[in-house]
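Close look at the chain arrangement
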Amino acid sequence: MNKDLPGWVDFGLLPLLNLLTAFLVAGIVVLAIGENPLEAVRHILYGAFGYGNGVGYTLFYTTNFIFTGLAVAVAFHASQFNIGGEGQAYLGGLGVGLACLMLDQYLPWWGILPVAILLGASFGAIWGAIPGILYAKRGAHVVITTIMFNFISFSLMNYIINEYLKMPGNASVQSRTFEQSAWMPKLTWLEGVMPGISTSPANLSFVIALIACVFVYILIWRTKFGYEVRVYGASPSAARYAGISTTRVVVLTMAISGGLAGLMGLNPVMGDQTRIFLDIPQQAGFVGIAVALMGRSHPLWIVFAALLFGTLYQGGAELAFEMPSITRDMVVVIQGLVILFAGAMEFMFRPWVARAFSMREQENG
Amino acid sequence: MTAPAIQLQGISKSFGSVHANRDIDLTVEKGTIHGIIGENGAGKSTLMSILYGFYQADRGTIAVDGTQVTIRDSDAAIGLGIGMVHQHFMLVEPFTVLENVMLGAEGGALLNKGRAEARQELQRLEKEYELNVDPDAIVGDLPVGLQQRVEILKALYRGAEILILDEPTGVLTPDEADHLFRILGQLRAQGKTVLLITHKLREIMAITDDVSVMRQGQMVATRHTADTSVEELAELMVGRRVLLQVDKGAATPGKVKLEVRNLEVVDDIGVRRVKDASFQVRAGEIVGIAGVSGNGQSELLEAIAGIGPIASGEVELFDISGEPTGWRPRHGLGHVPEDRHRMGLVTKFTARENTILGYQRDAEFGSGMFLDRKAVLEASKAQMERFDVRPPDPSLKAANFSGGNQQKIVLAREIEQDPDVLLIGQPTRGVDVGAIESIHRRLIELRDAGKAILLVSVELDEIRALSDRILVMFAGEIMGEVGPEASEREIGLLMSGVRAEDAA
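All values reported here derive from a predicted model rather than from experimental measurement. One numbering rule holds for all chains: residues counted from 1, following each sequence as written. The order in which chains are written sets their letters, starting at A; the order in which ligands are written sets their numbers, starting at 1. Residues qualify for local features only when their pLDDT is at least 70, as the model is predicted, and side-chain atom pairs are given and counted only at 80 or more; totals for whole chains, interfaces and linings, by contrast, use all residues.

Only DSSP runs of H or I covering at least 4 residues are called helices, and only runs of E covering at least 2 are called strands; the numbering of each starts at the N terminus. Helix and strand counts for chain B come out as 17 helices and 20 strands. Radius of gyration: C-alpha atoms only; globule rule: 2.2 Å multiplied by the number of residues to the exponent 0.38. Taking 504 residues into account, the globule formula puts the C-alpha radius of gyration at 23 Å, and chain B, at 24 Å, falls close to it. Exposed residues have 12 or fewer other C-beta atoms within 10 Å of their own C-beta, buried residues have 20 or more, and partly exposed residues fall in between, where C-beta atoms are placed from the backbone. Out of the 504 residues in chain B, the part that is buried amounts to 45%. Whether two residues are in contact is decided by their C-beta atoms, placed from the backbone, lying within 7 Å. The long-range share in chain B, meaning contacts at least 24 apart out of those at least 6 apart in sequence, stands at 67%.

See below:
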């Protein structure tokens, strides 16, 4: 059943069906613990979009998910399953933070930003490229190595922060706070339409994330390298026939993937906390997998998928606050259901929809 | 008169807007060998899948031994005594013959009892039908001819009275094919009914009692084999007169364009796939490499094309003045790979995107790191027009073209680069008769235009029709060279590893 369906079905109707199913099942769960599902939805939407500060948080999470979603998507195009977004983003955060720590005495934020982008992306890229090299040269599966690299990154960052970055005599495991001049600007220009947004952590990284989407689109669909990536991803044997080097494609793609994940570090490190701290990515690397799956590895749809998960994150926090019987863990359950239906079982409804379509065609034809 | 083994009436089946089978009637008499021929996409496989319970017909009735039945799945088909030998074997390679035969019919949770019974039954079947296979041999170690026998044994073990064979000789040497036909003869003598699906007219003439011809989803004719001819069947298949013989003049070979010296290919696990191969191909000639699939031709072709590993030896290309030129894969050396689905095309991509496969870095498709999408589109349009690809739609996915048109897309891409040397693997595999004709004509034209062509094909007829010289490979070795006039028996012996001097 691999029939071609119109684009709007593949990219619009099917994800929507999956999403509705996820909410339906989540609604039943909410009902089961004795709360009103519609009320819950209202809280989620209000929390995510109802007031400026909430919108800001939604955008803040969305920014993280766009970066990590793009990272997973780029790797998907070369049929590599990069589960290491978490570790790559963590290392990327280190790179961003080091740029700020080194330069915040001398330069304003816009002078630091290029260096932060460069260091953040390259730290992430190296962390992504190593599993790529291991796969291309030794056949070690990227799924396994990237998971392992997540664990390594957790320990490594623990060590680096504790040994080198922690301020003497301070109990909390974090670096010093950057000079205020090095902070990424908030989205104050949106204050007019969204009063209160500048009190949230939302910052300029959101715009950089959107630029990254354009970059990924051009890379994958407009460049010769992107063509080679897609050939390799669709058919490694055809790539061999076309003289495309596996090593080059896999290592470069994993580096770009890791670099995109690494850029996520801009958002929490330079834009929000303004210091290097423990657990910078906060699960965004994993959510990126669901975002890429749901967004079908296309930058435009990834923005929407990231926004959906941003909404669930921020709205879910509001929900847990407003309806105490729905705990933080319940919110995670709801998010898990969305991932399950929209990501892992993305093709569940496809055979039925395809059949409905062929029946309609028959009637018309 | 007994009821026919199979009687289909008014069978229709559509997939979306495609009518795969339209109002098909078919009567197969008990104890006969009935051939079904037709081009690719004529609906043969769909019809057999309906008979074997993979698909349900939209309309029409099926009667087996005179009783009307519904066949919901393959279990039901087996229950009715219908067995199928697929084109691609459905065997568990690490298992023994015995284990494969009893798979799915183990007869209980513990194997011992079933195994003893199966062994006994297997021995009886082998004796009865000349189907000699060692029950304890590992299937993966057996040659394809024997694996096919295991498939037949599987079907018989399940009590098949009607046996469907889908393109059974594609992987066999002429000798093995003859043996298969003897087995089918035995089966017929024992009262079994055989349905033989093939596109090889010669086989139909050699073995069947009756033959039905399908075209575009319809059953266009049924004949007693004795009352028909190859020419008539070919015409029925295509719907117009076809030239079965390729018209070609004598070759006028020029300078050596490609030279292969002492080429050795060793695979990942250390097996020598090509052993000390040396030969030349001159401008204006077609050199054919014959052999049963899997005897090193693919590895040889890939090594020359520069995409497979070379353990030792040399490949050299020469320019017009006879000077050696550099060897850069795909440039000056066109390559139409054997498997267009896995190599020649990215089936998920559009025809347009496939136009640059292998040439994506060339300056004509964009300077610097960006692709010039307009140039790609123009090239695609031009190639489709020149090679009469149908439909001429560059935005259509490669997977949605017919086999013949897919092959034309690949040929067009390689030929448009104007290479001196052209490597061509299986040019007409899965291509319908009408398109075969035009592809063959194109290859002769290229030869006459002074290209040096190396042709690899497992279709002996094709090799003999096109080649000016034929090299025969067996187990990685070039067994000998013969002219196109060599008899099938002569080539067949070489294909099975017997040199002329040994045979004498």
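This paragraph deals with the overall build of chain A. Helix and strand content of chain A: 15 helices and zero strands. For a compact globule of 365 residues, the expected C-alpha radius of gyration is about 21 Å, and chain A comes in at 21 Å, within 12% of that figure. Its C-alpha atoms give chain A principal-axis dimensions of roughly 75 × 60 × 35 Å. Scored against the burial criterion, the 365 residues of chain A give a buried share of 49%. Once local pairs closer than 6 in sequence are excluded, the contacts in chain A between residues at least 24 apart make up 77%.

Along any regular strand, the residues point their side chains to alternate faces of the sheet. Two strands qualify as a pair provided DSSP detects at least 2 bridges between them. When strand β19 (residues 469-474) of chain B meets strand β20 (residues 477-482) of chain B, the two strands line up antiparallel, connected through five bridges. Bridged to Met473(B) within β20(B) is Ile478(B).

For interface size, the figure often reported is the accessible area lost on association. All names here are of chain B. Note that the domain bounds were set by an automatic or database domain assignment. With domains assigned, chain B is organised as domain 1 (6-238) and domain 2 (256-344 + 420-503). Mapped by element, the contributors of at least two residues to the side of domain 1 that touches domain 2 are α6 (174-189) and α8 (230-238). If you tally residues by element for the side of domain 1 that touches domain 2, the top one is α8, at three residues. Amino acids outside the nonpolar list (Ala, Val, Leu, Ile, Met, Phe, Trp, Tyr, Cys, Pro) and the charged list (Asp, Glu, Lys, Arg) are all regarded as polar, and Gly is one of them. Within the side of domain 1 that touches domain 2, the residues separate by chemical class into five nonpolar, three polar and two charged.

Attention shifts here to helix α13 (residues 403-416) of chain B. Counting along an α-helix, one turn takes 3.6 residues, and residues three or four places apart therefore face a common direction. Residue and element names in this part refer to chain B. In this model α13 runs 20 Å from its N-terminal to its C-terminal C-alpha over 14 residues, within 8% of the 20 Å that 1.5 Å per residue would give. Where burial is concerned, most of α13 is hidden: 12 out of the 14 residues are buried. Along α13, the residues that are buried comprise Gly404, Asn405, Gln406, Gln407, Lys408, Ile409, Val410, Leu411, Ala412, Arg413, Glu414 and Ile415. Those residues of α13 that are buried are in contact with β16 (333-336), α10 (340-344), α11 (351-354), α12 (373-386), β17 (421-425) and α14 (433-448). Two residues or fewer after α13 comes Asp418, characterised by a positive phi angle close to 55°. Multiply 1.5 Å by the residue count of a helix minus one, and that product is the helix's expected span.

Moving on, we come to the packing of helix α2 (residues 37-49) of chain A against helix α13 (residues 299-322) of chain A. Residues and elements named next belong to chain A. Axis definition: a line fitted to C-alpha atoms, limited for helices to the stretch in contact. Angles are taken between N-to-C directions and run from 0 to 180 degrees. Two elements in contact, α2 and α13, have axes separated by 7 Å at closest approach and are oriented at 120°. Taken together, the axes of α2 and α13 are oblique relative to one another. Like other packed secondary-structure pairs, α2 and α13 cross with a definite hand, here right-handed. Between α2, through Ala40, His43, Ile44, Leu45, Tyr46, Gly47 and Ala48, and α13, the contact on the second element is made entirely by Thr311, Gln314, Gly315, Gly316, Ala317, Glu318, Leu319 and Glu322. Each angle receives one of four descriptions, namely roughly parallel if under 35 degrees, roughly antiparallel if over 145, roughly perpendicular if within 65 to 115, and oblique otherwise. Each crossing gets its handedness from the near helix: less than a right angle anticlockwise from the far helix is left-handed, clockwise is right-handed.

A set of buried Ala, Val, Leu, Ile, Met, Phe, Trp, Tyr and Cys residues, joined through C-beta atoms within 7 Å, is what we mean by a nonpolar core. Grouped together as the largest cluster of nonpolar side chains are 253 residues, with contacts concentrated most on Leu70(A) and Val472(B). Per element, the largest residue contribution to this core is 15 residues, and it comes from helix α3 (residues 52-77) of chain A. Here Leu70(A) is in contact with Ala212(A), Cys213(A), Val216(A), Leu260(A), Pro299(A) and Ile302(A), once residues within four sequence places are set aside.

Now for the sheet that holds β17(B). All names here are of chain B. Read across the open sheet, the six strands follow the order β16-β17-β18-β13-β19-β20; overall the sheet is mixed. In this open sheet, the two edge strands, each paired with only one partner strand, are β16 and β20. Between one strand axis and the next, the sheet turns through 20° on average, direction left out of account. Direction of pairing for strand β13 (residues 285-290) relative to β19: parallel, over a ladder of four bridges. Looking across to β19, one finds that Ala290 is bridged to Val472. The strands that helix α9 (residues 297-305) touches are β13, β16, β17, β18 (452-456) and β19; relative to β17, the one it contacts most, it runs at about 150°. The sheet strands contacting helix α16 (residues 488-495) are β13, β19 and β20, and the helix crosses β19 at an angle near 35°.

The next point concerns the packing of helix α12 (residues 284-294) of chain A against α13(A). Residue and element names in this part refer to chain A. For the pair α12 and α13, the least separation of the axes is 8 Å and the interaxial angle reads 135°. Classified by the angle between their axes, α12 and α13 sit oblique to one another. Seen along the crossing, α12 lies across α13 with a hand that is right-handed. On α13, the residues touching Val287, Ala290, Val291, Ala292 and Met294 of α12 are Ile302, Ala305, Ala306 and Phe309. Here the contact of α12 with α13 is composed, by residue class, of nine nonpolar, no polar and no charged.

Here the focus is the environment of Gly107(B). Residue and element names in this part refer to chain B. Take Gly107: it is sitting in the loop between α3 (97-102) and α4 (111-129). As a C-alpha pair, Gly107 and Glu459 span 352 residues in sequence and 42 Å in three-dimensional space. Excluding residues within four positions of it along the chain, Gly107 makes contact with Lys113, Gly114 and Glu117.

Residue and element names in this part refer to chain A. In this structure, Pro15 sits in helix α1 (residues 7-32). Sequence separation between Pro15 and Ala305 is 290 residues, and the spatial gap between their C-alpha atoms is 9.6 Å. Excluding anything up to four places from it in sequence, Pro15 contacts Met294 and Ala342.

Our next topic: the sheet that holds strand β7 (residues 162-166) of chain B. Residue and element names in this part refer to chain B. Spatially, β6-β7-β8-β3-β9-β10 is the arrangement adopted by the six strands of the open sheet, whose pairing is mixed. If you trace the sheet from one side to the other, it starts and ends with β6 (82-85) and β10 (218-224), each paired once. Strand-to-strand twist in this sheet, taken as the mean axis angle between neighbours without regard to direction, amounts to 20°. As judged from the six bridges shared by strand β9 (residues 210-215) and β10, these two strands associate in the antiparallel manner.

With 96% of its residues at a pLDDT of 70 or more, chain B has an overall mean of 88. Taken together, the chains of this predicted complex give a pTM of 0.82 and an interface ipTM of 0.86. What pLDDT conveys is the predictor's confidence in a given residue, as a value from 0 to 100.

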